[in-house]
Structure formats: structure tokens, C-alpha cells
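# Geometric and topological summary
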Amino acid sequence: MTALSPVEAEPLLYNTTSNRPNPMYDKTIAEQSRALASGEISSVELTQTYLDRIRLFDGDINSFITVTEALALEQAAAADQRRAAGDANAMTGIPVAHKDLFCTQGVKTSCGSKMLDNFIAPYESTVTGKFRDAGAVMLGKTNMDEFAMGSSNENSHYGPVKNPWDKSAIPGGSSGGSAAAVAAQLAAGATGTDTGGSIRQPASHCGITGMKPTYGRVSRWGMVAYASSLDQAGPMTRSAEDAAIMLNTMAGFDNQDSTCLDHEVPDYTATLNDSLEGLTIGLPKEYFAAGLDSEVEQQIRNAIAEYEKLGANVKEVSLPNARLCIPAYYVIAPAEASSNLSRFDGVRFGHRCEDPKDLMDLYIRSRSEGFGEEVKRRIIVGTYALSAGYYDAYYRKAQQIRRLIRDDFLNAFKECDVIMGPNAPTSAFDIGSMSNDPVAMYLSDIYTLSVNLAGLPGLSVPAGMANQRPVGLQIIGQHFDEARLLNIGHRFQQATDWHQKSPALV
Amino acid sequence: MAIDASGVKKVAKLARLSIDDDAVEVTAATISSILELVDSMQAVDTLGVEPLAHPLDAIQRLRPDQVTEENQREQLQGCAPAVEEGLFLVPRVIE
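Everything numeric in this text was worked out from a predicted model, so none of it was measured.

## Quick word on the overall build of chain A
Within chain A, the secondary structure is distributed over 15 helices and eleven strands. For chain A, whose C-alpha radius of gyration is 21 Å, the value lies close to the compact-globule estimate of 23 Å for 506 residues. Across its three principal axes, chain A shows a C-alpha extent of roughly 65 × 60 × 45 Å. Of all 506 residues assigned to chain A, the portion counted as buried reaches 61%. In chain A, the share of contacts with a sequence separation of at least 24, taken over all contacts with a separation of at least 6, comes to 76%.

## Focus: the confidence of the model for chain B
Atomic detail in the predicted coordinates should be set aside for any region of low pLDDT. Taken over all residues, the pLDDT of chain B has a mean of 93, while the share at 70 or more is 100%. Reported confidence for the predicted complex is 0.96 by ipTM and 0.95 by pTM.

## Side note on the interface of chain B and chain A
Taken together, the contact between chain B and chain A spans 39 residues of the former and 54 residues of the latter. Looking at the side of chain B that touches chain A, the elements that each hand over two or more residues are helix 1 (5-14), helix 2 (24-38) and helix 3 (73-77) of chain B. No other element matches helix 2 of chain B, which puts six residues into the side of chain B that touches chain A. Looking at the side of chain B that touches chain A, its residues break down into 27 nonpolar, nine polar and three charged.

## Regarding the pairing of strand 10 (residues 458-466) of chain A
Two faces belong to every sheet, and in a regular strand the side chains alternate between them. Residue and element names in this part refer to chain A. Here strand 10 lies mainly inside the structure; eight of its nine residues are buried. Pairing between strand 5 (residues 209-212) and strand 10: three bridges, direction antiparallel. In the sheet register, lysine 212 faces strand 10, and the bridge partner there is glycine 458. Two elements, strand 10 and strand 11 (residues 469-476), share seven bridges in a ladder whose sense is antiparallel. Bridge pairing in strand 11 links proline 462 to glycine 472. Where strand 10 hands over to strand 11, the hairpin turn is made up of two residues, of which asparagine 467 adopts a positive phi near 55°.

## Digging into the nonpolar core
All names here are of chain A. With 157 residues, the main nonpolar core has Val96, Leu139, Ala187, Cys325, Ala328 and Ile380 as its most contacted residues. Sorting elements by how many residues they give to this core places helix 9 (residues 325-340) first, with ten residues. Excluding its chain neighbours within four sequence positions, the residues that come into contact with valine 96 are Phe131, Ala136, Val137, Met138, Leu139, Ala187, Ala188, Gly189 and Ala190.

## Overview of the sheet that holds strand 1 (residues 64-67) of chain A
Residue and element names in this part refer to chain A. Pairing is mixed in the open sheet, where eleven strands are placed in the order 1-3-2-4-6-5-10-11-9-7-8. The open sheet has two edge strands with one neighbour each: strand 1 and strand 8 (313-317). Averaged over all adjacent pairs, the angle separating strand axes in this sheet is 30°, with direction ignored. Relative to strand 11, strand 9 (residues 418-422) runs antiparallel, the two being bridged by four bridges. Looking at the pairing, methionine 420 lines up with isoleucine 475 of strand 11.

## Some words on the pairing of strand 5 of chain A
All names here are of chain A. Residues of strand 5 alternate between two faces, with Thr209 and Met211 on one and Gly210 and Lys212 on the opposite face, all of them buried. Judged from the two bridges that link them, strand 5 and strand 6 (residues 233-237) form a sheet pairing that is antiparallel. Residue glycine 210 lies in a different strand from strand 6, and its bridge partner there is methionine 236.

## Some points on unusual backbone geometry
In this model, A:Gly173 is joined to A:Ser174 through a cis peptide bond whose omega is 10°. If you trace the backbone, A:Ser174 turns up in the loop between strand 3 (137-142) and helix 5 (176-183). One non-glycine residue, A:Asn467, lies in the positive phi region at around 55°. Even without being glycine, B:Arg16 reaches a positive phi, approximately 55°. Mapped onto the fold, B:Arg16 is located in the loop between helix 1 and helix 2. A tally of 20 C-beta atoms within 10 Å means that B:Arg16 is categorised as buried.

## Focus on helix 1 (residues 29-38) of chain A
An α-helical turn contains 3.6 residues, so a residue and the one three or four places further along point in the same direction. All names here are of chain A. Residues of helix 1 that are buried: Ile29, Ala30, Gln32, Ser33 and Leu36. Projected down its long axis, helix 1 shows its buried positions confined to an angular sector of 165°, all on one face. For helix 1, the elements touching its buried residues are helix 2 (43-61), helix 3 (69-84), strand 4 (189-193), strand 6 and helix 7 (240-250). Count one or two residues on from helix 1 and you reach glycine 39, which has phi positive near 85°.

## Describing the packing of helix 9 of chain A against helix 2 of chain B
In the contact formed by helix 9 of chain A and helix 2 of chain B, the axes pass within 8 Å of each other and the chain directions differ by 125°. The angle between helix 9 of chain A and helix 2 of chain B places the two elements in the oblique class. Seen from helix 9 of chain A, the contacting residues are A:Ile326, A:Pro327, A:Tyr330 and A:Val331; seen from helix 2 of chain B, they are B:Ile34, B:Leu37 and B:Val38. Partitioned by chemical class, the residues of the contact of helix 9 of chain A with helix 2 of chain B number seven nonpolar, no polar and no charged.

## Focus: the environment of A:Asn155
Residues and elements named next belong to chain A. Positionally, asparagine 155 belongs in the loop between strand 3 and helix 5. In the structure, asparagine 155 is positioned 73 residues away from arginine 82 in sequence and 40 Å away in space, judged by C-alpha atoms. Sequence-distant contacts of asparagine 155, defined by excluding residues within four places in its chain, comprise Asp145, Glu146, Met149, Gly150, Gly372 and Glu374.

## Quick notes on helix 12 (residues 392-412) of chain A
With 21 residues, helix 12 of chain A extends 29 Å between its outermost C-alpha atoms, agreeing within 8% with the 30 Å of an ideal straight helix rising 1.5 Å per residue. Turning to helix 12 of chain A, its buried residues are A:Tyr394, A:Lys397, A:Ala398, A:Gln399, A:Gln400, A:Ile401, A:Arg402, A:Arg403, A:Ile405, A:Arg406, A:Asp408 and A:Phe409.

## Here we look at the confidence of the model for chain A
When pLDDT is averaged across chain A, the result is 95; 96% of the residues are at 70 or more. Here residues 1-19 of chain A is modelled with pLDDT under 50, and outside its nearest four sequence neighbours on either side it reaches 23 contacts, counting other chains as well.

## A few points about the environment of A:Pro327
For A:Pro327, the location among the structural elements is in helix 9. The class for A:Pro327 is buried, based on 26 C-beta atoms found within 10 Å. In this structure the C-alpha to C-alpha distance between A:Pro327 and A:Thr68, which are 259 residues apart in sequence, comes to 40 Å. Filtering out sequence-adjacent residues up to four positions away, A:Pro327 remains in contact with B:Leu37, B:Val38, B:Ser40 and B:Met41.

## Side note on the environment of B:Val49
Tracing the sequence through the fold places B:Val49 in the loop between helix 2 and helix 3. As for B:Val49 and B:Ala29, which are separated by 20 residues in sequence, their C-alpha atoms are 32 Å apart. Residues contacting B:Val49, with those up to four places away along its chain left out, are A:Gln400, A:Arg403 and A:Leu404.

About the criteria used
- Residues numbered from 1 in each chain as written.
- Chains lettered and ligands numbered in written order.
- Predicted model: local features only at pLDDT ≥ 70, side-chain atom pairs only at ≥ 80, totals over all residues.
- Helix = DSSP H or I, 4+ residues; strand = E, 2+ residues; numbered from the N terminus.
- Rg over C-alpha atoms; globule rule 2.2 N^0.38 Å.
- Buried ≥ 20, exposed ≤ 12 C-beta atoms within 10 Å, placed from the backbone.
- Contact = placed C-beta atoms within 7 Å.
- pLDDT = per-residue confidence, 0-100.
- Nonpolar A, V, L, I, M, F, W, Y, C, P; charged D, E, K, R; others polar.
- Pairing = 2+ DSSP bridges.
- Core = buried A, V, L, I, M, F, W, Y, C linked by C-beta atoms within 7 Å.
- Axes fitted to C-alpha atoms, helices over the stretch in contact; angles between N-to-C directions.
- Arc of directions from axis to C-beta.
- Parallel < 35°, antiparallel > 145°, perpendicular 65-115°, else oblique.
- Expected span 1.5 Å × (residues − 1).

In C-alpha cells, the structure reads:
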């Protein structure tokens, strides 16, 4: 742990239950943006505050793999100049962190893997490029489950991330570093990616706001691919308003991603305050069945009651094939992963074994040394599912079930505007408690996977505590309904203060 | 469907992975438990259901057949484990 830097004038221990005025790191992106605009603070000062907090607290939390201190201060100085020249937008000068699977030119991009421990990205991902072009400051790259495979952030070559609310708990995964960094106020916001819940579940477990947009809304160019038909990038923030600000920068068509959709991007902040009068919320009966922790259920029901006060109607809906999301996902995702990860051959980039005796030995030992256990498991399952004679029984069958799951949602949306439920059956579990039982870990993804299979947008907003750990409400919308989800999240945050609570760090 | 030790070794080889001999039984048991989980799909009648490749049923977009990339060989080979005169080096393939 490094000594206190002289620029850190704010109280280091801060809890929202006290009466102190908010220090700058406890403000939202929207508030920081106004403070930068008024000259109350400079981006260099704001960036330095976060860098100092990272130095003080992240040794323990482990949310960053790489801190790009010099680059951040350089970008902050450029942002201050840009603002002085009258060319600023809402993200100019805001310090953010990027999940370490976005390629960042000249900066290590490890994907949480030994395979890419030596990989300096030769090009910039579309998402991080958009933040750079908007004048946002990159503080560094965040820890994650290796190749985004995991729900606990225990599968990282760089060690597990700890939940800032309770360091014996997982932060969730795979975007656990991004979630923990935002929750611990080590970054104003962060990017994440969500293939089966990897933004929503860690956001839920860390008490922050996280959105997975519609499949194709945000470019995947320069994201290290896990399951290409499911992967989608999104914002992780302290409020729905901040998620709207970040999504304004992230969303949009990109020629470089052949699955990116050419669909108009609205101003996501413009409709945040719209009334919820007459909104119909569907509650899938399958999401409130056996297996859901009673304290989590209570918090979700309390949140829904809050929506009724805001003028919404609630009705029960059914997603009859919901339980099939687990088998379908755990065929499709590993199958696509086995194909995507075949590029790691030890020849062109990434880890190479010592003294290969022939080409086959080079492939096998480079891959076996470079990949961790869970990644190898998924590659083997995926290779099996795609191998001769099994394709129809596994991959094709899973893609057929995927259609049934998507059609369930389309049918449910004939009766309601949005769907609400939990993100996970429990609040964050203890580090180590499930790491030897992959199947048990997979089962905990029950409420998030089907949203990816159906390509829908989903938002998690903080909605209370269960067993002294945060719980998020999951709000699922129709394709391209991000603006409505953010409006629904924002109105809840105007009426409640769960999103303003932050862990006391020691 | 369960998979045994030799089955796991065979699939691992297809995926260019090796599994240590002392770990192969445990790996086979874990992979079998995952396959058992996904086999619950087999009970579902999907006769006549079209597989879903893209959730919005979008089709692959094609671009004009024109060269748009610049040659960035040196930059791209900057992160390669071994290169010589613009070529990636690997162990001898042809004797």
C-alpha cells in the first residue's frame, strides 16, 4: 500500500450515511461533467484523485490489471485544453476504466489470460476509440474472468477481484473488475461486456448500474471475441443517467463489425424523465419460482412496489422455455468460443511455449500453458458439440431452442412493455465457495442468459441489500428499447437512494 | 451423454490442448457433468423449428470487394513471438 499522496485532500473514508458533502469521486459522471464545465475542478485534478484512490485501495480489491497513469494524466491535460477551447461534450475529461478485453493501441490487453499477458494491442477497439475521441480519460484496464468466461471473477490469471462491499465475496463476473472499480469509486464509470450476464450480474452484486444493450447496438470491433453471436458491450456506472451518457458515446453503426445494426441512435439522456404512468411491467412467473433466495425476492418485490407508486401496472407473464436457457447457452457459447479461440496458436501473437519440437507441439503446449482451466473446459465442450456426428444434437438443437426462448419474449411483450426480475438467485457468494463446481456456477446464470440468447437489452439497477450484500433489479426491454430502460431506471433512482450508497473502504 | 478419459483426450487433441494424465479422469467427470446438464435439451420437441443464428434475424452484410486495409505488417508483427524478414517463424514443417 502506497503512502497518501499530497493532492488527496478529501476524506479517504467516506460513507453515505455520514453528513459530509460529497467529495468529487462520490459524484456521478453527470455531476462531474457539470463541475468540469463550471471550472470547479479540472480533469487533471479529477484524474489524479482517482489515480490516488487506485493506489490506496486497489492493492486489496484487485480491480485493475493495468493502470495507465501517465497516459491518463496526458489525456486529462488534453481534455482540459479541449474544454477551454469550447469543444467539450459530456464525457470530455471524465476518468473511466475499460474492461481488459477491449483492444487499446499500445496498451496491454490481456483478457485476464496468461495467453495474452504479453499482448500489446496493435489497434484500438471501436468502443475505446469512441471514448478517446470524445476526450474521456482512460485510467486503465480492468480485471475480468479469463476470456470473459465466468460468473465470479475467480478465473483470472491476475487473481480474483474482491467485492468492495465485503472482501470475502465475489464481485460477480465476468466484468467483475469494472463493477468493483465503479463501486469502490476508483473510476467514474467503466465499460463491460455481457455474453451471458457479465455486465448485469456484477453490477447487481456490486450495487451499481449496468446495461447490456441490444445485440448489434454497440460495435464488437476490437473486443476479444468469446461467443460472437451473444457478446455485447455496455456501460457500468453509478446511475442510469450516467449509463445514458456513456451509451450515447458507445452506440452506433460500425462498418468494421458485420453484425452491428444500422439503426438510429437516440439521445439516451433526452427521455430520462419521461413519466411511467401507464407502463405495464411483466413479471415472469418462472423468475420467482423455487431457487430464488427469499431476501433477494423481497428486495425485488419492494422495487416493483415502488414502480406501482410511480404509476406502473404489474401483471404476471410466462416465459415457458426459460429453464432451457442454461443448456442452450452452455452449448452455443462454448461452441463459438472453441472456434474463436482457435486463433491462439502461439504463432502470430500471444503466449508461445519454450523450445517446441514440432508445429503440433508448439500449438498444443502454447495453448495448454496459456489457457486456464475454465477456458480449456469450455473449448473442450464446444469442440465436442461441433465435432462430426454431434452438431445436430448439440449446436443445431441449441439454436432451435434459442428461437423458442426469443419467441417467448416476443409473446410476453405483447402483454407488457418491460419485464422485471432478479439478476441472480442470490446476492454475491463467498470467494471460493463454488469454484470447484462449474455446473453449480452455471446454474446461477439462470436469469440473465436468455436475454443474450434473445438479443434483448437488459439493465440492472441497485435495489437493496440481501444478506448484507447488494441486490440489483433486472429490467428487460424489447429490441432497441435502451432509452426506455434507462428512463425506467432513472425514475426509480429519483425515488430511491440505493444507487447512492457506497461501501466504506479501509 | 457421458464422456470417458479416452474420449476427452481425443477431443482435447482436436482442440490442440493436452490434459495431464493425472487430471484426465477428473476432467472427464467434469465434462460429463456439463454434458449431462446440456442434455436436458434433448427432451424438447424442436421438430420444424428453424435454428436462430441472429436474434434479430439479420443477415450477413457484404462489403464491396475492394482493398481497404493498408499494409501494417511491421506493426502487426510487433507482438509476434518470432519473426524474420517479415515471416512468422515456426518449427520446421517440411524435412
